[in-house]
Structure formats: structure tokens, C-alpha cells
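Structure assessment
Given next are the chains, with one letter for each unit.
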Amino acid sequence: MLFSKKISAVHVPHCKSTQDKHSVRIAPPESVTIPMSMHSGAPAVPVVAVGDHVYIGQLIAKEGEGRVSSPIHASISGTVSAVGEKSISIKSDGKMEIDPQMKAPKLETLDDFLDGCRKSGIVGLGGAAYPLHGKWEAVRKNKIETVLINGAECEPYCTADNRTMVEDYDHIKQGIEILKRFVGAKEYVIGIEANKPEAIKLLTDLFKDDSSVIVKSLESVYPQGAKQVLLWNATGKVVAAGQRLASLGVIITNVTTLAKMALYFETGMPLVDKCVSVDGSAIKEPKNIIAPIGTSYGYCIEQCGGFSCEPGRVIEGGPMMGRTIASLDEPVIKATNGLVAMSQADSVILEPTACLHCGKCVEACPLDLNPVAYSDALDIDDEDKRELILKKEDVPQCMECGCCAYVCPAHRPLVANNRAAKKFLRGRRK
């Protein structure tokens, strides 16, 4: 991966119509269904039974086996109505009572900090959903010079991180103070796209007397929030293939992750709700809502006035990296930051044609990869030869950002091809 003066990026429509809309806490749903696998690593293991009464913030599933997992907590108060390996359902009692045993955890040593991160159930809220304690364990072995706080939020329609910066800036400040105590970095860089002027001004004013905190305005391009892109544009550093950021003296954390962490250490409240941007051409009243984890997407849309027309597709996340959901019964999970419902006219998928060999996908790739080579390799019957080419062309480095497919004039399913190529290599390794 080589960079000259500027990393590749594409200009996508921002569609940030909810950016200036204050987030609204929705009325609690009648029930929630909370998945046991909302994080990287092994699924959580239920510790409650059908008929148990639970409170908001109460532990309902412990960490699974393995090095990386995350506990899960009740997001509403009520009665456990179903327990399975994949999910736990809770019927609301309408009271939304907080666990009476909840209290702020002890925070004196590095072990206290890491143990708190583990018990909080917080995962990376920028999309990766990597357990928080796993990220900060890196400080045991690496000297961290820079903490890069990701407030870019480059995905179209999504404005939940922006609302965190505007509405919950006190917890961002508290989070940085906690990191100063236990991470000890020299600088804390908050990277924010220039299309969020209110957040930039507010945080710049908030930290004007703290020389260790830098609020950096970044160009509004996609995928500005990807770790490799953000790292380069905010610090000028490059992470090599397979290299851990901590080895460069850098750790990146999402701005909402940081605020949720501070809330936990202040109150003991684990990760039980999410701010979700509900928008798109098929949504009647686009808005930012705060929803309990496990709330159905259908209920979230109802809280935004319902559909304004028959939707063609509903996407969890944003249109670039999000996924089309199969059912409105699917629940909000820890990493859900957007819900985009598009009209049928806006959901048309154009038929792909033959590759024009124009090179636009290569030019647009932030990591200088070659999507055409991956597509060609998938057509090779000799699996040994296919594997050799895919490894040579470094397909595992693809972050599936969608830039290649976005610019392709032949409308080829390049992201799907890249994903299939990566899956093939994983299968060969096994």
C-alpha cells in the first residue's frame, strides 16, 4: 500500500438530513430480542432463565469462551420470555427500572480500567464491534503516543456519532481524562469531517486550554472513517498489511465508544442502548432515535412515522457498507448506527455488463488494490492458481468499503466478488 500526497477517496452524497436533529429517546418497546453475538469473538453465554425478572443494566449473558468476547446486559426491565443459544427475549414491564445494584466501578489501576472495559459490554461502535477491553489490552505491551478518536462518520445518512459530539461532549472529555490516566498518550487527536461544523467548533472550544487534545477537521470524503484512511489523513502514518496500529504507537477509538466508556465508569451503566439514525427516501419522519438494544427495526421505523412509501430495501448501517436486512423483526444490536429505508425507485440494482477495463475501481481504492484481478481469479478453475493470485494481489486487505463498486461504470458486483475471494482464502487456510 503506497501513498503519494493524497489517499484515494470518492465523493458520495452526504444525505445528512438528520444531522441537526436532536436525538429522541423512544418509548420502550413491548419486548426486545437481544442476540448473543453482537461482537467479534465467541457468542455470549446466557445466565438467566425464562421467568426471571431483570432490570436495565443487569447481566443476562457472560463472556463466551476464547480470548475475545463480550458480556450482554438487559436493555429494558421486565420478564425473560425466551432463552436460546442465539438470543434472549425480554417482555417489558413498562417501568424501565435500572438495576438497583448498579454502581460505578472502582477505577484506580490499569487492571481496574481493563476489567471495567470488559464488564461494560462495550464494543467498537464504529462498525467493527471489537470488544473494548481487547483494544486497550494493547497498552500492556506497547507505548501509545497517540489516541486517534474517530468522529469522521463518513457513511451517508448516518449522523449518530455527530449527535454524540454535539449532545454528549462532557462524556467525551471524561473519556479522554480516563485515557490520560491509564494509556498515557502524549496526544489525543479527534478527527471530524468538515461537514460537521457544529461538532468541530464545540469540541475545539471545549479543549482550547488543553494542548494535548487536537481537533482536526478532515475533508468530507468517503471512506474517511476507515482506520487506514483516518490514520493517514490525521497523522500522516501508514499501517502495513498485517501490522497492528499499537505497534506504531497509535490506538483508534470511535467517539461514541469513548463516550459510552466514560458513562460506564461514571455510573456503572453498561452498553444497553444506541443512537440510531433512521432515514432514507421511504421514511416519513427521519430522525435520530435512542433505542434499547434488541428493539426491532420495525418498531424503530414506527417511531419515525413509518414508511412514506413502499420500501424497496431497508439497510442496517449506511448504503456503502451496510447490509440489506431480511426482516423488520431483526433487532438493533450494539454496533447499529443507522437504519436506511429506500423507496423502490431508489433501490433498483442495475444489471452488470462486461468489465470495461477502465481502471476506475483501482483508482478509487483507498488501499491501492485491484478488484479486477480478484474477479478474474474467481473464474480460474485451478484452486491452487487462484489462491496464488489472490494472495499476490493482497485481497485480505480489502476493507469492503464499496468505493470500487460505487465508481464502476459497468455496475459490476465488485464488493461481493472481493468478499467471495476473501472467503475462498479463509477456506483454504482451514
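Everything numeric here is computed off the predicted structure, so don't read it as measured data. (Residues numbered from 1 in each chain as written. Predicted model: local features only at pLDDT ≥ 70, side-chain atom pairs only at ≥ 80, totals over all residues. Heavy atoms only, no water.)

**So, the overall build of the protein chain**
Counted only if it meets this: In DSSP terms, a helix is any run of H or I states spanning at least four residues, a strand is any run of E spanning at least two, and both are numbered starting from the N terminus. For the radius of gyration, the atoms used are the C-alpha atoms, and the globule rule reads 2.2 Å times the number of residues raised to 0.38. Relative accessible area decides the class of each residue, using a 1.4 Å probe on protein chains only: under 20% of the type maximum gives buried, over 50% gives exposed, and in between gives partly exposed.
Looking only at helices and strands, the protein chain has 13 helices and 17 strands in total. Radius of gyration (C-alpha) of the protein chain: 22 Å, near the 22 Å computed for a compact globule of 430 residues. Considering only C-alpha atoms, the protein chain reaches an extent of 65 × 50 × 45 Å along its principal axes. Taken over 430 residues, the protein chain has a buried fraction of 53%.

**Topic: the sheet that holds strand β5 (residues 59-62)**
For the record, the criterion: If DSSP finds at least two bridges between two strands, the strands pair.
Spatially, β3-β5-β6 is the arrangement adopted by the 3 strands of the open sheet, whose pairing is antiparallel. Since the sheet does not close on itself, it has two edges, and those belong to β3 (45-46) and β6 (72-73), each with one partner. The sheet contact formed by β3 and β5 spans 2 bridges and is antiparallel. Bridged to Pro46 within β5 is Ala61.

**Topic: the domain arrangement of the protein chain**
As a reminder, the rule being used: Per the annotation, domain bounds derive from an automatic or database assignment of domains. Contacts are assigned to residue pairs with any non-hydrogen atoms lying within 4.5 Å of each other. A 1.4 Å probe defines the accessible area here, and the buried area is the portion of it lost by two parts on being joined, summed over both. Nitrogen and oxygen atoms within 3.5 Å of one another constitute a polar contact, given that in protein one can donate a hydrogen and the other can accept it, and given that sequence-neighbouring residues count only through two side-chain atoms. Ten residue types, Ala, Val, Leu, Ile, Met, Phe, Trp, Tyr, Cys and Pro, are classed as nonpolar, four, Asp, Glu, Lys and Arg, as charged, and the remainder, Gly among them, as polar.
Along its sequence, the protein chain is organised into domain 1 (29-92), domain 2 (110-267), domain 3 (273-347) and domain 4 (360-429). For domain 2 versus domain 4, the separation of C-alpha centres amounts to 30 Å. Listed by partner, the interface residues are 7 residues for domain 2 and 7 residues for domain 4. Between domain 2 and domain 4, roughly 490 Å² of surface is buried when both sides are summed, and carbon and sulfur atoms account for 68% of that area. Inspection of the region where domain 2 meets domain 4 yields 1 residue pair in polar contact (both at pLDDT 80 or more). A breakdown of the residues in the side of domain 2 that touches domain 4 according to their chemical character gives 5 nonpolar, 2 polar and no charged.

**A short note on the pattern of salt bridges**
Formally: Salt bridges are defined by distance alone: a side-chain nitrogen of Lys or Arg within 4 Å of a carboxyl oxygen of Asp or Glu.
According to the stated counting rule, one finds 23 salt bridges in the structure shown. We note a salt bridge from Lys260 to Asp273, for which the minimum N-O separation is 2.6 Å. Within this pair, whereas Lys260 is found in helix α7 (residues 255-267), its partner Asp273 is found in strand β13 (residues 273-279), the two being separated by 13 residues in sequence. In terms of burial, Lys260 and Asp273 fall into one category: buried. The residue Arg428 makes a salt bridge to Glu383 at a minimum N-O spacing of 3.2 Å. Taken together, the positions of Arg428 in helix α13 (residues 414-429) and Glu383 in helix α11 (residues 383-392) put the pair 45 residues apart, joining distant regions of the chain. For Arg428, a relative accessible area of 29% gives the class partly exposed. Overall, Glu383 belongs to the partly exposed group, its relative accessible area being 38%. The network of salt bridges with shared partners includes Glu63, Asp111, Asp115, Arg118, Lys119, Glu137 and Arg140.

**Some details on the sheet that holds strand β10 (residues 187-193)**
The strands making up a sheet are joined through hydrogen bonds of the backbone, oriented either antiparallel or parallel. Convention followed: In this analysis an axis means a line fitted to C-alpha atoms, helices contributing only their contacting stretch, and an angle means the value between N-to-C directions, from 0 to 180 degrees.
Ordered by their spatial adjacency, 4 strands build an open sheet running β11-β10-β9-β12, and the pairing between neighbours is parallel. At either margin of the open sheet sits one strand with a lone partner, and together these are β11 (213-218) and β12 (250-254). With direction set aside, neighbouring strand axes in the sheet form an average angle of 25°. As paired strands, β10 and β11 are joined by 6 bridges and run parallel to one another. Along β11, the bridge assignment pairs Ile192 with Ser217. Lying over the sheet, helix α5 (residues 197-206) contacts β10 and β11, oriented at roughly 160° with respect to β10.

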